[in-house]
Each structure stands twice: as structure tokens, then as C-alpha cells.
Amino acid sequence: MTSAEPSSKSTSSAMLASGQLTNRGAFEVARAIPASGALRRQDSSLSLTIPTAPADSTAASSVLPSISSTATLTVGASGTSVVATSSASGTSPPGSSQNLLIEVGPYSCTPSTDFKLLTTVLSCYLEDTETDLNATTRYLILNLHAAASASDPSGSPQKPATSALPQQGDLISSIISANNSIYLYTPTELLAERAQFNSTGDSSSSSSYYQQDTAYFTVTVVNDQKTTSDGWPSEGYIELGKAKRLLAGYGTVDPQMTGYNFSGDAAYIFPPGYLQATPQVTTKAGTVTGGCFFQPGVDHIRAINSSWSTTTIDATTQQSDILPLVVNLTSCGISALLNTTLNNTDAAADYTPYQAYAYAANWAWSDGEPRNTSASGSMVSCAALNATSGRWQATDCAQTHYGACRVGHTPYKWQISSQQGHYTNLDDGCPYNTTFAVPRTALENSYLLATWRDYRKITYGESDPMLWLNFNDLSTDACWVRGQNGSCPYLPTKSDAQGGQILVPTVAAIIVFVLAALTIFVKCAANRQSSRSKRRRVDDRWDYEGVPS
């Protein structure tokens, strides 16, 4: 795993994520990370016993950070593995060793990597970043496939025998939990919080600044007890309130894999399709021609929102189209996952193309923003949306602009303030049933931008392109919060109830997973090589093999 982080401009002492709760020390921060907007997806079909897909694909509020890893569990009927050695169906370069890749049909394999190693690397990453600005949430999607024979790795697989499948204690959830249980937010926790939605100290408590926007899901009240069948807590609550940063879920599952013990994983791993949606997206020359969630004139959440939605950019996309496509997909409310190299080089050799990719997915701040307010000598501490670029800029709070007003509790419906004013006066400038607000997701930003551009057209070409957003770092330099009286939540406070909510990163963090995809094979111990030095089961059962692909 390789990471590259842009240099930061200013710092302030704080405690973040796991370090906040485990007393692992104070640290310096240079910019804000997401801590508000609810996690995504409205689903009422979560089960702890069967891996059924959700009933609908609508979502809760803010888009989680865009990094994900995919793992595939593959089981052979006879237990033979296609990765232990090269064969007629797998060839490796001259002078190859177990540290090199082996080409096996459509797979690039290595005998030196397994799923346990991936979870160990993930655990190290989560631990190393728990007290800095990379302490954001990650999700792991696991695809389960049955393996074809070694002689025909692309052929049709057979259903593996029950005895070849992992048993209790050796399930996928056991391997994930062994190294990552402290970070794992589980289906069990989600169900408990949905059932006690207004319990003291939970994510919906009025005393918590982690409160999510209930406009994104259904709340039922019976005898003063609030419950929800499809709600999610806010990202800030999971990261800062519970010090959790990992969600695991199943993706695609082959029919041959129905014998796997899903019920044994159900308390820890979300069912297939629960953390992932793949809408039908069509693109052409860097533009999105179909599948965009932004639809002018349509603002009903269930009709246009699905912030678990992802699409993959692979080698079929022209290199020159990738960056504009990422910008357009992000504006459409779709996370773009990269599954190809950029400029024919990897991030270890040259990270700048991947840094540009991450910047393209940053829907909020313009390049170079927010500026270093302490060095400028002016109050460049208030955010404004630029109608030309569609991005945010740090602006002098004493300037006069119109303001962004959210209508009721509808995330995608906006109005413009009735008059221009200084930033501090905009609370009183919004029309009835609207509030001075700031977009929390890329899709919300797209709807506000469209409203602002339309307003400028009908007001005879309003020349001022800037629109005030309810977002500032007036309290603490470089710690941007919502609300004119908000205080930085990363600073020590007398009460956890004080402070505003951090909404978006000031710049995109650059995290490049070398193991972007992993195929895991379960093979019978009877067929493995006894000379392998890594940990293996010694009975005639199975073991996991990993394949970066």
C-alpha cells in the first residue's frame, strides 16, 4: 500500500477518530475530514441470518470516502488451487519466484499473498492513520466465486463439496475480525441502533453533534420510542463517536457457493449488495450520457439518490477522458473506482497522475483552496460557491454576496437568499421555510450549483459569481465547520455536545492501494505443497490463497 499526502498549510492541535477514544495521544491536524452527513443507503432488509440483497437502493446522506478494496473467495470442487505453482495454464516470466506474479488464465497470481495478509495490511493502515487526517471510513467488498480447474481457469466451475468449505472459526469474518475487530462497524451494531434510535448517547441524540439528517430515511415513533428500518448513523458518529472505520460486505456470490456458512458471518459482514450499488452508467468522451442521479426538476430522494453507487474506470476508458469523467461522475452522485494504471505507471513510480485523479473526485473545494487565511492578513475564513467553476473558495467574510438556503429538510431543493449581505448576516436573509446551509454531498452541490446558475440567468445576468455557504473556519484556523458559532470538534472541549460538524476534506487525500483487488482461493490441504513456509492448516481441509488481480 502506498500513500502520498499533499503538504499542509497550517495546523491545530486535536484528537481524532480512534485516538480520541483510546487515549493514544494528541496530534496535529491541517485540514478537515468528513464528520457529519449520514452514512449511506436506506435499506430495511438487513438480516443476521441470510445474505439477501436490500429491498431498495436508495441511500442516506453523505458519500463516504471513495477508497474501497474488493476481495474474491474462490473454491474448487476438488480443492485444487491454480495459484500455488505455475502450470500449463499458468506461466511466469523467466527467473520468477514466489514473489513474482504468475499468469493463470485471466488472473495475475502470486503464491506469497493471501487474504490474511490483506487484512493485516489493512489493520496496519487503520492503526497508522487513526490519529491523522486519513482517519476516514473504508469499506471492504467480498465477492465469492467457485474456482474452475487449474487446467481451465476460465471454464465453468463445479459446486465445492461441503467438506471443502470453511467451518466455524475459519470463516471470512473470523479472519477479518482477528486483526480489525476494533475498527469494524457491524450489522449487529446497526440493528441495535436502529431499534433504539433515540437512546441517550446514540447517533440521533439531540445532545450529540453527530446527529444525522432524517430526511434520508424513515423514522417511526411508537410510545415516544423512535425506531428506523432503513436509517444509518452519521459518518462523524461512526468515526469520532464510536472510533469505527471499517465496514465489510458481500458483493457478488456464485450459485455454487450457496453452501458457504453465511449465517456465521452475518453478525460481522453485511449481506450481498448492502454496501454497494452499481447503476447502469453510460459514458462517452469523458461525459456521463446515462445513469446520472442529477435530474433537473426532480428532487425526491428515493427517485434520485443512491450514494452507495459506484462505477469502475478501467482500461477501456481513454486516458485523456479519465479526469473529466471522474469530475462528471462525481457531480452525478456516483463514486468512480479506478481499476487501471494511469500514464502506464504505478503510484510507486509516479504518484502525480493518481493525485490528479483524487483531486478530480474532490467535489467541494477549488484547486488551491482553502487558502491559508492566517498568512493573508484578512478574514478569508468563509466559504462561497463559484458559479463559474462549480467549486468552493475561501472568501473574505466582509464581502457582500447572496447566500445558499436549503428548503425545509429536502437535501436537493435550494433557494437563493432574498438579498445580498455579509456572511454573518445571512442567517436572517433566507426566505421562509429555508435555512442558510452548505451542501454535504456532491449531488447536493450539483443541485445548488444549478439553482445558483439559473438564478443568475433570470436576474438579468447577475455579475457576482460567488454565493455564500454556511461553512467557515472563524473559530479555529484551518478547521472548517458548519454554522457561524461552530467550534472545531477536534479541539478539547468541556462538552462533547459543543461544536459544529466537519463536512468535507479541504483537499483530497491520496491513498493508492496496490492490492486494489484480491482473489482468494480455498484449496484442500491435501493438494498443497508442504514446503510452503506460511501458516497452513494441517488436516485435509482448506486454506486461503491470495491473488492480486
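So, how was this worked out
- Residues numbered from 1 in each chain as written.
- Predicted model: local features only at pLDDT ≥ 70, side-chain atom pairs only at ≥ 80, totals over all residues.
- Heavy atoms only, no water.
- Helix = DSSP H or I, 4+ residues; strand = E, 2+ residues; numbered from the N terminus.
- Buried < 20%, exposed > 50% of the residue type's maximum accessible area, 1.4 Å probe, protein only.
- Contact = heavy atoms within 4.5 Å.
- Areas by Shrake-Rupley, 256 points an atom, 1.4 Å probe, with all protein chains shown as cover.
- Axes fitted to C-alpha atoms, helices over the stretch in contact; angles between N-to-C directions.
- Parallel < 35°, antiparallel > 145°, perpendicular 65-115°, else oblique.
- Left-handed = near helix turned anticlockwise from the far one by under 90°.
- Nonpolar A, V, L, I, M, F, W, Y, C, P; charged D, E, K, R; others polar.
- Phe/Tyr/Trp six-rings, centres within 6.5 Å; stacked < 30°, edge-to-face > 60°.
- Lys NZ or Arg CZ within 6 Å of the ring centre and 35° of its normal.
- Polar contact = N/O pair within 3.5 Å; in protein donor to acceptor, adjacent residues only side chain to side chain.
- Salt bridge = Lys/Arg side-chain N within 4 Å of Asp/Glu carboxyl O.
- Disulfide = S-S within 2.5 Å.
- Core = buried A, V, L, I, M, F, W, Y, C linked by side-chain atoms within 4.5 Å.
- Pairing = 2+ DSSP bridges.
- pLDDT = per-residue confidence, 0-100.

**Student:** What is the right way to read the overall build of the protein chain from this model?
**Tutor:** Along the protein chain, the regular secondary structure elements total 11 helices and 25 strands. Scored against the burial criterion, the 549 residues of the protein chain give a buried share of 54%. Nonlocal contacts in the protein chain, meaning residues at least 24 apart in sequence, comprise 72% of its contacts between residues at least 6 apart. In the structure as shown, the protein chain presents an accessible area of about 22,600 Å², 50% of it carried by carbon and sulfur atoms.

**Student:** Looking at this structure, I do not really get the packing of helix 8 (residues 319-331) against helix 9 (residues 352-360). What am I missing?
**Tutor:** Two measures define how a pair of helices packs: the angle their axes make with one another and the distance between the axes. Taken N-terminus to C-terminus, the directions of helix 8 and helix 9 make an angle of 25 degrees; their axes are 8 Å apart at the nearest point. Compared by their axis directions, helix 8 and helix 9 come out roughly parallel. Between helix 8 and helix 9 the crossing geometry is right-handed. Touching Ile322, Leu323, Val326, Val327 and Thr330 of helix 8 are Ala356, Tyr357 and Ala360, all from helix 9. Its residues placed into classes, the contact of helix 8 with helix 9 shows seven nonpolar, one polar and no charged.

**Student:** How should the packing of aromatic side chains be read in this particular structure?
**Tutor:** What characterises a pair of aromatic rings is the spacing of the ring centres plus the angle enclosed by the ring planes. Under the definition given, this model contains 22 aromatic pairs. Centroid distance Phe270 to Tyr274: 5.6 Å. Interplanar angle 10 degrees. Geometry classified as stacked. Residue Phe270 is classed as buried on the basis of its relative accessible area, which comes to 0%. Taken together, Tyr139, Trp232, Phe270, Tyr274 and Trp308 form an aromatic cluster joined through their ring pairs. Directly above the ring of Trp452 sits Arg456, whose terminal nitrogen or CZ lies 5.9 Å from the centroid.

**Student:** Is there a simple way to explain the environment of Ser234 in this structure?
**Tutor:** With respect to the helices and strands, Ser234 occurs in the loop between strand 10 (225-227) and helix 5 (235-241). Measuring from C-alpha to C-alpha, the distance between Ser234 and Gln212 comes to 5.0 Å, with 22 residues separating the pair along the chain. Only 3.0 Å separates the side chain of Ser234 from the backbone nitrogen of Tyr237, close enough to count as a polar contact.

**Student:** Hey, could you run me through the pattern of salt bridges in this one?
**Tutor:** A side chain with one charge can pair with a side chain of the opposite charge if their charged atoms come near. Following the criterion strictly, the structure yields six salt bridges and no others. Residues Glu189 and Lys244 are paired through a salt bridge, measuring 4.0 Å at the closest nitrogen-oxygen approach. Within this pair, whereas Glu189 is found in helix 4 (residues 187-195), its partner Lys244 is found in the loop between helix 5 and strand 11 (246-253), the two being separated by 55 residues in sequence. Grouping residues by exposure puts Glu189 and Lys244 together as buried. Note that Glu369 is salt-bridged to Arg371, the shortest N-O span being 3.2 Å. For Arg371, a relative accessible area of 40% corresponds to the partly exposed category. Connected via shared salt-bridge partners are Glu189, Glu193, Lys242 and Lys244.

**Student:** Quick question: what am I supposed to make of the state of the cysteines here?
**Tutor:** Covalently bonding the sulfur atom of one cysteine to the sulfur atom of another cysteine gives a disulfide. Enumeration according to the criterion identifies four disulfides in this entry. Each sulfur in the disulfide pair Cys382 and Cys397 lies 1.9 Å from the other. In this structure, the disulfide formed by Cys382 and Cys397 twists by about 100 degrees around the S-S bond and is classed as right-handed. Of this pair, Cys382 sits in strand 16 (residues 380-386) while Cys397 is found in the loop between strand 17 (392-396) and strand 18 (402-407), placing the two residues 15 residues apart along the sequence. Of the two residues examined, Cys382 and Cys397, each falls in the buried class.

**Student:** Just checking my understanding: could you explain the packing of helix 2 (residues 115-128) against helix 3 (residues 172-180) for this structure?
**Tutor:** Their axes nearest at 8 Å, the elements helix 2 and helix 3 cross at an angle of 30 degrees. Our classification of the angle between helix 2 and helix 3 gives roughly parallel. Between helix 2 and helix 3 the crossing geometry is right-handed. Contacts from Phe115, Lys116, Thr119, Thr120, Leu122, Ser123 and Leu126 of helix 2 reach helix 3 at Ile172, Ile175, Ile176, Asn179 and Asn180. Grouping the amino acids of the contact of helix 2 with helix 3 by side-chain chemistry returns six nonpolar, five polar and one charged.

**Student:** I would appreciate a short explanation of the nonpolar core in the present structure.
**Tutor:** In summary, soluble globular proteins display a tendency toward joint burial of nonpolar side chains. One finds Ile313, Leu385, Trp392, Trp452, Leu467 and Leu469 to be the most contacted residues of the largest nonpolar core, which totals 47 residues. Element by element, the count of residues in this core is highest for helix 11 (residues 442-458), at seven residues. Sequence-distant contacts of Ile313, defined by excluding residues within four places in its chain, comprise Ile322, Leu325, Val326, Leu329, Ala336, Leu337, Leu338, Asn339, Thr340 and Tyr357. Tyr125, Leu171, Ile175 and Ala248 belong to the second largest nonpolar core, which has 23 residues in total.

**Student:** When you look at the pairing of strand 11 in this model, what are you seeing that I'm missing?
**Tutor:** In the case of a regular strand, side chains alternate between the two sheet surfaces. The buried count for strand 11 comes to six of eight residues, which makes it a mostly enclosed element. Alignment of strand 8 (residues 138-147) against strand 11, held across six bridges, turns out to be parallel. Paired with Ile141 across the bridge in strand 11 is Gly249.

**Student:** Can you walk me through the environment of Ser229 in this structure?
**Tutor:** Tracing the sequence through the fold places Ser229 in the loop between strand 10 and helix 5. It is 8.0 Å that separates the C-alpha atoms of Ser229 and Ala195, two residues lying 34 residues apart in sequence.

**Student:** Is there a simple way to think about the confidence of the model for the protein chain in this case?
**Tutor:** A low pLDDT means the predicted coordinates there should not be read in detail. Looking at the protein chain, pLDDT values average 73 and 68% of them are 70 or higher. Segment residues 1-98 is flagged for pLDDT under 50; beyond a separation of four residues in sequence, or across chains, it makes 376 contacts in the model. Low confidence marks residues 494-549, where pLDDT is under 50. Its contacts with residues over four positions away, or in another chain, come to 219 contacts.

**Student:** Quick question: what am I supposed to make of unusual backbone geometry here?
**Tutor:** A negative phi angle characterises most non-glycine residues, just as the trans form characterises most peptide bonds. Geometrically, the link from Glu369 to Pro370 is a cis peptide bond, its omega value of -5 degrees lying close to zero. With respect to the secondary-structure elements, Pro370 resides in the loop between helix 9 and helix 10 (373-376). The phi torsion at Asp224 lies on the positive side, around 65 degrees, for a residue other than glycine. Note that Asp224 resides in the loop between strand 9 (220-222) and strand 10. With relative accessibility at 70%, the residue Asp224 sits in the exposed group. A positive phi angle, close to 75 degrees, is found at Ala478, a residue other than glycine.

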